[in-house]
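# Tertiary structure, described
The residues making up each chain are set out below.
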Amino acid sequence: MSNTYKIAYLSTSVFIVFLLFNTVTVNAQEKQLKLDDLKKKALQYSRSIKNDSLLIKKAEFVKQEAFDNYFPEVSANAFAVQAFDYLVPEIPTYLPDGIENIYSVGATATQAVYAGGKVRLGNKLAELQLEARKIGHETTIDSVMLNTELKFWQLIQLQEQQKVLQAGKTYVNELLKQQQDLLDAGLISESQMLQVNVEKSNILVNELELANFRKIALLDLALYVGIPFDTTMVATSSINKEAFSSAILDNNLTIDLAGNNLYQLSQKQVSAAELQVKNEKSNLLPQVAVGVNAVKVGTFNNAFDMDIQPIAFGTVTIPISAFWGKEKKKIRQKEVDLQIAENNLHDVEDQLTKYITKNWYDLQTANKQIQYAKDKLTFANKNLEAQRDNYNSGLNNLTDLLNARQTQEEAEASLISAIANFKQKEATYLYSTNQIEIPVLD
């Protein structure tokens with residue numbers, strides 16, 4: 001092979017390897033699940049968010065419908081009769097053809113001048129409903145973001161526990177190899193070898209169980225955010241467990257109920273109940289309307305033909321019996337509903353105050369658990385190292401070494417669980433205070 005062909009062959013090979021490397025890299029990136037990307041997918045996929053958007057649209061239509069009540073109501077009507085015999089017999093000179101059919105065509109326009117305030121109150125209720133729907137929409141978005149974070153950190157926790165278990169498995173495999181050498185040299189009994197094998201079997205069982213837990217958690221997350229389920233997907237986070245920061249606790253606890261969506265929704269319910277009381281009271285007030293009507297009457301055989309007759313009219317309705325009838329009872333019912341709404345508002349105020357405060361204290365506790373888990377892991381690492389040295393020197397037995405390894409594994413898993421628990425508590429606290437992060441869609 002000439003040098004030219006060698007160079008061409010080498011260049012082609014390098015290019016193919018480069019393409020394969022980039023393809024593998026892209027595929028690996030596609031398998032990674034990042035929290036911000038998952039939140040964006042959840043925003044686009046969530047059926048709850050879509051339904052709330054539809055409810056907002058529905059409330060806008062209701063508002064438009066209420067506004068239309070400010071305009072006159074216009075209607076048209078037509079009426080026709082064809083008799084089998086004369087409706088009116090022939091009358092010489094005056095009605096020579098008689099009347100056997102008749103028709104009437106008319107139109108009416110009515111404008112409410114005063115309806116006890118019902119039109120104005122109806123528009124206020126429609127506007128209030130629209131505002132409540134928008135607040136509810138924001139609450140739903142926050143809830144979807146919270147659930148996405150909780151599911152994400154649960155998956156992170158399981159993945160990290162798998163890493164810890166894998167490290168323990170590697171450690172036991174190395175120990176098993178060492179035990180085999182010692183057994184072959186006749187320095188230990190076979191029972192010690194079996195003891196390590198039992199430990200390895202226990203790890204394999206835990207490994208399978210944890211892998212299944214991770215698959216279920218991954219499926220739950222995939223279904224929630226609307227992505228295809230793939231067992232090779234891995235949640236990734238930039239958190240460093242050795243240098244984990246809990247900066248959120250640097251601030252003091254603040255409870256701003258006025259800016260809380262759940263509290264605002266309860267306030268809207270009270271406002272709606274107040275308007276409902278006023279709306280029922282409007283049934284006790286007079287109603288005034290004016291209008292115009294035009295009608296034309298005639299027959300199909302032109303027996304007679306009346307010109308269009310326009311008339312103007314006005315109506316005044318005074319609901320006298322409403323002062324002691326069912327209208328009065330409905331007012332009292334709405335007043336009871338208002339009292340219930342006010343009591344519910346005070347209850348929501350108390351519950352939210354407790355909920356936010358509890359989340360804050362849970363966050364502090366979770367932070368302390370991280371500090372404790374770090375100290376426990378530091379001790380476990382040093383203890384395992386000392387036990388391994390002592391075992392190699394013949395100063396302790398295999399059981400002590402295996403116990404130290406298990407303690408170290410549990411300590412590392414505890415730190416990972418503590419960090420994941422802190423992130424879940426942090427998300428819950430931010431949700432309760434309307435501060436949970438919502439990504440901007442591209």
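All figures in this text were calculated on a predicted structure; none of them were measured in a lab.

Before going further, it helps to spend a moment on helix H7 (residues 326-392). For H7, with 67 residues, the first-to-last C-alpha span of 94 Å sits near the 99 Å given by 1.5 Å per residue. Looking one or two residues past H7, Gly 394 carries a phi angle of roughly 80°, positive in sign.

On to the side chain of Asn 359, then. On the secondary structure map, Asn 359 appears in helix H7. Classification of Asn 359 as buried rests on a relative accessible area of 5%. Among the polar contacts listed, one links the side chain of Asn 359 to the side chain of Ser 432, at a separation of 3.3 Å.

Another point: helix H5 (residues 190-225). Here H5 spans 53 Å end to end across 36 residues, near enough to the 52 Å set by a 1.5 Å rise per residue. By the burial criterion, the buried members of H5 are Met 193, Val 196, Glu 199, Ile 203, Leu 210, Arg 214, Ala 217, Leu 218, Leu 221, Ala 222 and Val 225. Where H5 is buried, its residues touch strand S1 (32-34), helix H2 (35-45), helix H4 (118-184) and helix H8 (398-432). Just downstream of H5, Gly 226 is the residue with a positive phi angle, here 80°.

Okay, the environment of Phe 313 next. Mapped onto the fold, Phe 313 is located in strand S6 (residues 309-317). Along the chain, Phe 313 and Asn 293 lie 20 residues apart, while their C-alpha atoms are 7.9 Å from each other. Residues contacting Phe 313, with those up to four places away along its chain left out, are Thr 108, Ala 109, Thr 110, Ala 289, Val 290, Gly 291, Val 292 and Asn 293.

We now examine the sheet that holds strand S2 (residues 73-82). Spatial ordering of the open sheet is given by S2-S3-S5-S6, a layout of four strands whose pairing is antiparallel. Two strands close off the open sheet at either side, each with one partner strand: S2 and S6. On average, each strand axis in the sheet is tilted by 20° relative to the strand beside it, whichever way the strands run. Pairing of S2 with strand S3 (residues 101-114) involves ten bridges; the strand directions are antiparallel. The partner of Asn 77 across the bridge, within S3, is Gly 106.

Let us look at the pattern of salt bridges. Here the idea is simple: oppositely charged side chains can pair when their charged atoms come close. Counted under the stated rule, the structure contains twelve salt bridges. Between Glu 149 and Lys 39 there is a salt bridge, with its nearest N and O atoms 2.7 Å apart. You can see Glu 149 sitting in helix H4 and its partner Lys 39 sitting in helix H2, a full 110 residues away along the chain. According to the relative accessible area criterion, Lys 39 is buried, its value standing at 3%. Across the pair Lys 163 and Glu 160 runs a salt bridge whose closest N-O atoms are separated by 3.1 Å. Of this pair, Lys 163 and Glu 160 both sit in helix H4, three residues apart, which is roughly one turn of that helix. Taken together, the shared-partner salt bridges in this structure form one network comprising Glu 199, Arg 405 and Glu 409.

Here S3 pairs with strand S5 (residues 287-298) via eleven bridges, running antiparallel. Bridge pairing links Ala 109 to Val 292 in S5. In terms of strand pairing, S5 meets S6 through nine bridges, oriented antiparallel. Looking across to S6, one finds that Val 295 is bridged to Gln 309.

To continue, consider a nonpolar patch on the surface. Together, Val 316, Ile 318, Ile 320, Phe 323 and Trp 324 make up a nonpolar patch on the protein surface, roughly 600 Å² of accessible area in all. Note on placement: Ile 320 falls in the loop between S6 and H7. We classify Ile 320 as exposed; its relative accessible area is 55%.

The next subject is the environment of Thr 353. Tracing the chain through its elements places Thr 353 in helix H7. A relative accessible area of 29% means that Thr 353 is categorised as partly exposed. For the pair Thr 353 and Asp 256, spaced 97 residues apart in sequence, the C-alpha to C-alpha distance is 9.1 Å. When residues no more than four places from it in sequence are discounted, the contact partners of Thr 353 are Ile 255 and Leu 257. Engagement of the side chain of Thr 353 in a polar contact is seen with the backbone oxygen of Glu 349, the distance being 2.7 Å.

So, on to the packing of H4 against H5. Between H4 and H5, the least distance of the axes is 9 Å, while the angle of their chain directions is 160°. In terms of orientation, H4 and H5 fall into the roughly antiparallel class. Handedness of the crossing formed by H4 with H5: left-handed. Here the contact of H4 with H5 is built from residues that sort into 21 nonpolar, 15 polar and eight charged.

Criteria and thresholds
Residues numbered from 1 in each chain as written. Predicted model: local features only at pLDDT ≥ 70, side-chain atom pairs only at ≥ 80, totals over all residues. Heavy atoms only, no water. Helix = DSSP H or I, 4+ residues; strand = E, 2+ residues; numbered from the N terminus. Expected span 1.5 Å × (residues − 1). Buried < 20%, exposed > 50% of the residue type's maximum accessible area, 1.4 Å probe, protein only. Polar contact = N/O pair within 3.5 Å; in protein donor to acceptor, adjacent residues only side chain to side chain. Contact = heavy atoms within 4.5 Å. Pairing = 2+ DSSP bridges. Axes fitted to C-alpha atoms, helices over the stretch in contact; angles between N-to-C directions. Salt bridge = Lys/Arg side-chain N within 4 Å of Asp/Glu carboxyl O. Patch = residues over 30% accessible without salt bridge, like charges linked within 9 Å, V, L, I, M, F, W, Y side chains within 5 Å. Areas by Shrake-Rupley, 256 points an atom, 1.4 Å probe, with all protein chains shown as cover. Parallel < 35°, antiparallel > 145°, perpendicular 65-115°, else oblique. Left-handed = near helix turned anticlockwise from the far one by under 90°. Nonpolar A, V, L, I, M, F, W, Y, C, P; charged D, E, K, R; others polar.

Just distances and angles here, no functional claims.
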